[in-house]
Amino acid sequence: MDVRGFAALPDAPGHPPAATEEFANTPPPPDSRPVALAAGRHGHMWFTKEAGAAYAELDPATGRITEHRTNVEGAKLAGLAFDCFGNLWVQYNQPGLIDRVRPDLTTSRYTLPTTAPVGHRIISGPDGSIWFSELAVDIVGSITTGCPTPTPAS
């Protein structure tokens, strides 16, 4: 379902009337608790669902949501990010895992060395690595992806 709404911007004294902005609200399934968003492949938006141990792909043009479930019992997902190869990196809040999901949807799983990390955020860093934080154990870590490190000339 795609709900469209309008929000008027306030007028400032002495300025012409503000424009009206259109926004779209595409709700995920009930009780999914969407946590993180990332812009990814084919202009689609991806998000993690803390409830239901899944991540999902949203096509903004159609509002269609395609859900991808993990096979980890009782998992809660946190952040997600894309690398330069188009791989989606999905971080678990619990347990301490990070999945690399390739464009063909095959997955590699990384187990973090800490016992109760509470994964929080994950991003693609300027060095081409994937960087993540572990909230409960005060750690910032990275995984080398093979993405090239940008040079000043590039």
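The present account deals with the structure reproduced in this document.

Here is what the cut-offs are and how they apply
- Residues numbered from 1 in each chain as written.
- Predicted model: local features only at pLDDT ≥ 70, side-chain atom pairs only at ≥ 80, totals over all residues.
- Heavy atoms only, no water.
- Helix = DSSP H or I, 4+ residues; strand = E, 2+ residues; numbered from the N terminus.
- Buried < 20%, exposed > 50% of the residue type's maximum accessible area, 1.4 Å probe, protein only.
- Contact = heavy atoms within 4.5 Å.
- Salt bridge = Lys/Arg side-chain N within 4 Å of Asp/Glu carboxyl O.
- Pairing = 2+ DSSP bridges.
- Axes fitted to C-alpha atoms, helices over the stretch in contact; angles between N-to-C directions.
- Disulfide = S-S within 2.5 Å.

Moving on to the side chain of Thr70. Along the chain, Thr70 turns up in the loop between strand 6 (65–69) and strand 7 (76–82). On the basis of relative accessible area, Thr70 is assigned to the buried category, the value being 15%. Once residues within four sequence positions are removed from consideration, Thr70 is found in contact with Ala53, Ala75, Leu77 and Tyr92.

A word on the pattern of salt bridges. Two side chains that carry opposite charge are able to pair once their charged atoms sit near each other. Tallying each qualifying case throughout the model produces 3 salt bridges. For Glu67, the salt bridge goes to Lys49, with nearest N and O atoms at 2.0 Å. Taken together, the positions of Glu67 in strand 6 and Lys49 in strand 4 (residues 45–49) put the pair 18 residues apart, joining distant regions of the chain. Each member of the salt-bridge network shares a partner with another, and the members are Lys49, Glu67 and Arg69.

Another aspect to go through is the sheet that holds strand 10 (residues 107–111). Taking strand neighbours across the sheet as the criterion, the 4 strands line up as 7-8-9-10 in an open arrangement whose pairing is antiparallel. Looking at the sheet topology across the chains shown, the edges are occupied by strand 7 and strand 10. Across the sheet, the mean angle from the axis of one strand to that of its neighbour is 20°, orientation sign disregarded. With 5 bridges joining them, strand 9 (residues 97–101) and strand 10 adopt antiparallel strand pairing. Bridge pairing in strand 10 places Val101 opposite Thr107.

Of note, the bond from Gln94 into Pro95 is cis; its omega dihedral lies within 30 degrees of zero at -10°. Relative to the helices and strands, Pro95 is located in the loop between strand 8 (88–94) and strand 9. A positive phi angle is found at Leu105, which is not glycine, with a value near 75°. When you line up the elements, Leu105 lands in the loop between strand 9 and strand 10. Phi angles above zero are rare outside glycine, and Asp138 is one such case at about 55°.

Here we take up the sheet that holds strand 5 (residues 54–58). In spatial order, the strands read 3-4-5-6; together these 4 strands make up an open sheet with antiparallel pairing. Two strands in the sheet have a free side with no partner beyond their single neighbour: strand 3 (34–39) and strand 6. For this sheet, the mean angle separating the axes of adjacent strands, direction not counted, is 20°. Pairing analysis gives 4 bridges linking strand 3 to strand 4, with the strands arranged antiparallel.

With that settled, the discussion passes to the state of the cysteines. Inspection of the entire model under this criterion finds 1 disulfide. Sulfur-sulfur distance for the disulfide between Cys84 and Cys147 comes to 2.2 Å. Here the S-S torsion is close to -105°, and the disulfide linking Cys84 with Cys147 is therefore left-handed. On the criterion of sequence distance, the pair formed by Cys84 in the loop between strand 7 and strand 8 and Cys147 in the segment after strand 13 (139–143) is long-range, its members being 63 residues apart. Taking the relative accessible area as the measure of exposure, Cys147 reaches 9% and is therefore buried.

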